[in-house]
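# Structural description and commentary
Take a look at the letters that make up each chain.
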Amino acid sequence: MTLAAGHVDEIRELVRSSTGLLPRGGGSKPALSAPPHDGVVTVDVSGLRGIVAYDPAELTLTARAGTPVAELDAALAEHGQHLPFDPPLARAGATLGGVVAAATSGPGALRSGGVRDFVIGVRIVDGTGRLVSGGGRVVKNAAGFDLPKLMVGSRGRLGVIVEVSLKVFPRPRAAATLEIAAGGLDAAVAAATELSAGPWELDALELHPDGRLLARLAGDPEPMEARLARLVPALPAGATARRLAAGEADARWREAADLAWRPGGTRLVRAACTPAAIAPLWAAVAAAGGDARFGRGGAVAWIAWPDDAPLDPLDAALREHGLAACALTGAPAPDLLGAVRGGAFAQRVRAALDPDRRFLD
Amino acid sequence: MEEERVGAPEGRDRVLADLRALGLGERLLTAPAELAVFSSDALTAFRQRPLAVVLADTAEEVVATVRACHRHGVPFVARGSGTSLSGGSLPLEGGVLIALNRLNRILRIDPRARLAVVQPGVVNLEVSRAAARYGLQYAPDPSSESVCTIGGNVAFNSGGAHCLRHGMTANHVLGMRVVLPDGEVVDLGGESLEPVGPDWTGLFCGSEGLFGIALEVTVRLVPVPEAVHTALAVYDSLEAAGDAVSRIVASGLLPVALEIMDALAIEAAEASVKPGYPPGAAALLIVELEGGRETVAADAARLAALLRDSGAAHVRTTEDPGERALIWKGRKAAFSAVGWLAPDYLVQDGVVPRTRLGEALAEIERLAGAAGLRVANVFHAGDGNLHPLILFDGREPGALERAEALAGDILRLCIRLGGSITGEHGVGVEKRAHLPEMFGPDDMELMGRLRDAVDPARLANRGKMLPVGDGWS
């Protein structure tokens, strides 16, 4: 059963009267939003749409959860601003609420921080059917429990997100992209570590398992050539760099943010990652016949895992490195993979937000 | 009833017996003279003598102390260096104070993953000092950075002058090991910048000790900037300085810090730490840019033009670390420096939307005039975070009450303008009555439910953040 909510009060009513609830936004991450079994009541929030408040001088924006990210991006672009973390799957219809609930950040998170760093306020319908607010609409705020951060990655299991307030940033006026061939994955990881620790202020850095890196500089046009002129000779020995023309660069970054490289017959899994975990994770993915990209300088692994392969080897590799992952596409996959943290704290917080178990486990 | 539940005399005797059995020796303080030292934090208007102080050496001792308190229904408060300006580490009469300063080891620095794992009693600045050999630093920089501890920073999600660009403590904490109020130990987060599943780490940060005590904290480190450019601009009015901030933000420049001090704050800084600010200024604006040298050079040129057009009477710039330190010394010492102007002061920490700063400052001036009190203003202008310093003489009958009333009026003003009652100091004891003015009854109800789910006996830092009375604390 699906309820298309046009108003918050309808969601409140539904929460008070039903169980097995699962929110759905644009449906771009179906493993999180499609019903995993019978008896699930889908709360479709895609009708809760539109920007509630946007004052460019404040560098903040508040919008309803079902607002497509693409719509936000267009409104921000008119004022020379943007969400610097390049929310993934925007062209597949990702909504603001879905980006928060799935904690998905794209390439630009390297320099500016991810979705958890930009969410400053939320309104949710909790498991008691109350409409509650946390955080606020100002960029700095330490009052009360940080409900906005809790909602990041909550996957619709703690409440229905109905409104989100965000920080936004000025959009850089220029960008330049280098494709760097490091000569193998280990060399690429070493290069990424070196580049991230240096004075280069890369805006984005993505690793391909074949040892190529895609690096973006962003900022004002005036110093751009000088920045590049210093960066290229400083690349690790043995690495070669090619500067991409604007059109090709745009296409490559779009492919990264859309996760469009993902082969057919695979499901997309987002995994927490660290530089040290890249090689072993890739070994597990390659052995299963999958593919992967390592984003945000190696802080996140985007894994295309074959549909017909069991997830156990991936789960084991993640556990070994203390990392967790979450499937985004393919068959409904309500459970997290790998080393899931939170223990008793998680159980108690969940019991407070959803005392009558209205939402899916 | 409350007294019976958590502070009954036999509970106190039993908890003391259990604590003695831990073999803490001289690290268990129970003598009145020893306890007096710990009876307040930086919000000195509040004092309460605890039942006992545990100077913990190990995480195991912290856990054992929490378990003993839980077993006997005795409330406890964790304390680092006691720099809280909101009374966040104020002890409880009849409760146990757990001092964490001796848990001051940096357990690990991983330069490759750019993170550090530290104990809660590590002093903020020590993390950056230890990371410096790898060209890295810990970004959050509260003004008390040379004494305040990471555990306190986590509990109150501390900010600092540079959070305009870098964010607050919660943006730099990747994971932690915590002891919950019943003594259960739980791991939150991990080593990755990308959380998977609900952000339990983010929720624990800023929970003001109500969810328990952090035993180990994993923080991210960032490269020390290659170039730093600091500009000090002098204005003949506070409004002109405020307008300059609006111009800078509108230009698309993203400085790491944008700070304003008014005439009274400048006077106080000059009277104490003598930073050598230009004389006769009605307002000072400090702007800091950092990054790669090419970017900073280009941004500095844009900034110079913006400041020139903003009507600054005088602009001084520097790239020299010594000169920069002097500029910041005056700013970071401003709170204690107002002690030169009046016997007592209250610091406020309200936030307003940055476009309404001018309106807020004019209204604060009017309210102060009506109350017959002087207010010095020091603030993080870039993010709308005000720090009005209300000067008074506590020996004068009724002066403290008038100062507190003015502080309350200022907080209500911040709420009315769409802001917050605290940007970085936390609610603590000081502002707990104002939290329900900012949040609605349902929001407050959820906060109460969260606390009761995590700590049904309400032992951890009770009396902080949530209002007292009506069954709250």
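Everything that follows concerns the structure shown earlier in this document.
Here's a quick rundown of the structure.

Reading the values: rules and limits
Residues numbered from 1 in each chain as written. Chains lettered and ligands numbered in written order. Predicted model: local features only at pLDDT ≥ 70, side-chain atom pairs only at ≥ 80, totals over all residues. Heavy atoms only, no water. Helix = DSSP H or I, 4+ residues; strand = E, 2+ residues; numbered from the N terminus. Rg over C-alpha atoms; globule rule 2.2 N^0.38 Å. Buried < 20%, exposed > 50% of the residue type's maximum accessible area, 1.4 Å probe, protein only. Contact = heavy atoms within 4.5 Å. Lys, Arg positive; Asp, Glu negative; His and termini not counted. Charge placed at Lys NZ, Arg CZ, Asp CG, Glu CD. Salt bridge = Lys/Arg side-chain N within 4 Å of Asp/Glu carboxyl O. Expected span 1.5 Å × (residues − 1). Buried area = accessible area lost by both parts, 1.4 Å probe. Polar contact = N/O pair within 3.5 Å; in protein donor to acceptor, adjacent residues only side chain to side chain. Pairing = 2+ DSSP bridges. Axes fitted to C-alpha atoms, helices over the stretch in contact; angles between N-to-C directions. Parallel < 35°, antiparallel > 145°, perpendicular 65-115°, else oblique. Left-handed = near helix turned anticlockwise from the far one by under 90°. Nonpolar A, V, L, I, M, F, W, Y, C, P; charged D, E, K, R; others polar.

For chain B, the helix and strand inventory stands at 17 helices and 18 strands. Against the globule reference of 23 Å for 473 residues, chain B gives a C-alpha radius of gyration of 23 Å, in line with a compact fold. Along the three orthogonal principal directions, the C-alpha set of chain B runs to about 70 × 60 × 45 Å. When burial is assessed residue by residue, chain B has 63% of its 473 residues classed as buried. Nonlocal contacts in chain B, meaning residues at least 24 apart in sequence, comprise 71% of its contacts between residues at least 6 apart. One finds the centroid of the 45 positive side-chain charges in chain B at a distance of 3 Å from the centroid of its 61 negative side-chain charges.

With that settled, the discussion passes to the pattern of salt bridges. Oppositely charged side chains can pair when the atoms bearing their charge come close. Tallied over the entire structure, the rule returns 58 salt bridges over all chains. Note that A:Arg230 is salt-bridged to B:Glu226, the shortest N-O span being 2.8 Å. Linking A:Arg230 in helix H9 (residues 224-231) with B:Glu226 in the loop between strand E11 (222-223) and strand E12 (227-235), this pair reaches from one chain into another. Its relative accessible area of 18% is what places A:Arg230 among the buried residues. Note that B:Glu184 and A:Arg348 form a salt bridge whose closest N and O atoms lie 3.6 Å from each other.

All names here are of chain B. Inspection of the secondary structure puts arginine 331 in helix H12 (residues 321-332). By relative accessible area, which is 1% here, arginine 331 ends up buried. Linking arginine 331 and isoleucine 266, residues 65 residues apart in sequence, is a C-alpha distance of 8.5 Å. Sequence-distant contacts of arginine 331, that is, excluding residues within four places in its chain, are made with Ser143, Glu259, Met261, Tyr277, Ile286, Val378, His380 and His387.

Attention now moves to helix H8 (residues 185-197) of chain A. Taking 1.5 Å per residue, 13 residues should reach 18 Å; H8(A) reaches 18 Å between its end C-alpha atoms and fits that length. Buried residues of H8(A): A:Leu185, A:Ala188, A:Val189, A:Ala191, A:Ala192, A:Thr193, A:Leu195 and A:Ser196, and no others.

Many analyses report the size of an interface as the accessible area lost when the parts associate. Counting residues at the interface gives 76 residues for chain A, matched by 85 residues for chain B. Across the interface of chain A and chain B, roughly 6700 Å² is buried in total on both sides, 59% from carbon and sulfur atoms. Area buried by chain A at its contact with chain B is led by A:Lys140, A:Phe145 and A:Phe345, which between them contribute 15% of it. A salt bridge links A:Arg116 to B:Asp199, with the shortest nitrogen-to-oxygen separation between them at 2.7 Å. At the boundary of chain A with chain B, the tally comes to 27 residue pairs in polar contact (both at pLDDT 80 or more).

So, about the sheet that holds strand E17 (residues 374-380) of chain B. All names here are of chain B. The strand order E15-E12-E14-E13-E17-E18-E16 describes an open sheet built from 7 strands, whose pairing is antiparallel. Because the sheet does not close on itself, it has two edges, and the strands there are strand E15 (314-318) and strand E16 (344-347). Averaged over all neighbouring strand pairs, the angle between strand axes comes to 15 degrees, with direction disregarded. As paired strands, E16 and strand E18 (residues 385-392) are joined by 4 bridges and run antiparallel to one another. Paired with valine 347 across the bridge in E18 is leucine 389. In the packing of helix H10 (residues 263-272) onto the sheet, contacts are made with strand E13 (257-262), strand E14 (283-291), E17 and E18, and the angle to E13 comes to roughly 90 degrees.

With that settled, the discussion passes to the packing of helix H14 (residues 357-371) of chain B against helix H15 (residues 399-416) of chain B. Residue and element names in this part refer to chain B. One can describe the packing of H14 onto H15 by two numbers: an axis separation of 10 Å at closest approach and a directional angle of 155 degrees. Here H14 lies roughly antiparallel to H15, going by the angle between them. In the crossing of H14 with H15, the sense of the turn from one axis to the other is right-handed. Packed against H14, whose contacting residues are Ala360, Glu363, Ile364, Leu367, Ala368 and Ala371, the element H15 presents Arg402, Leu406, Asp409, Ile410, Leu413 and Arg416 at the interface. Split by residue class, the contact of H14 with H15 holds 8 nonpolar, no polar and 4 charged.

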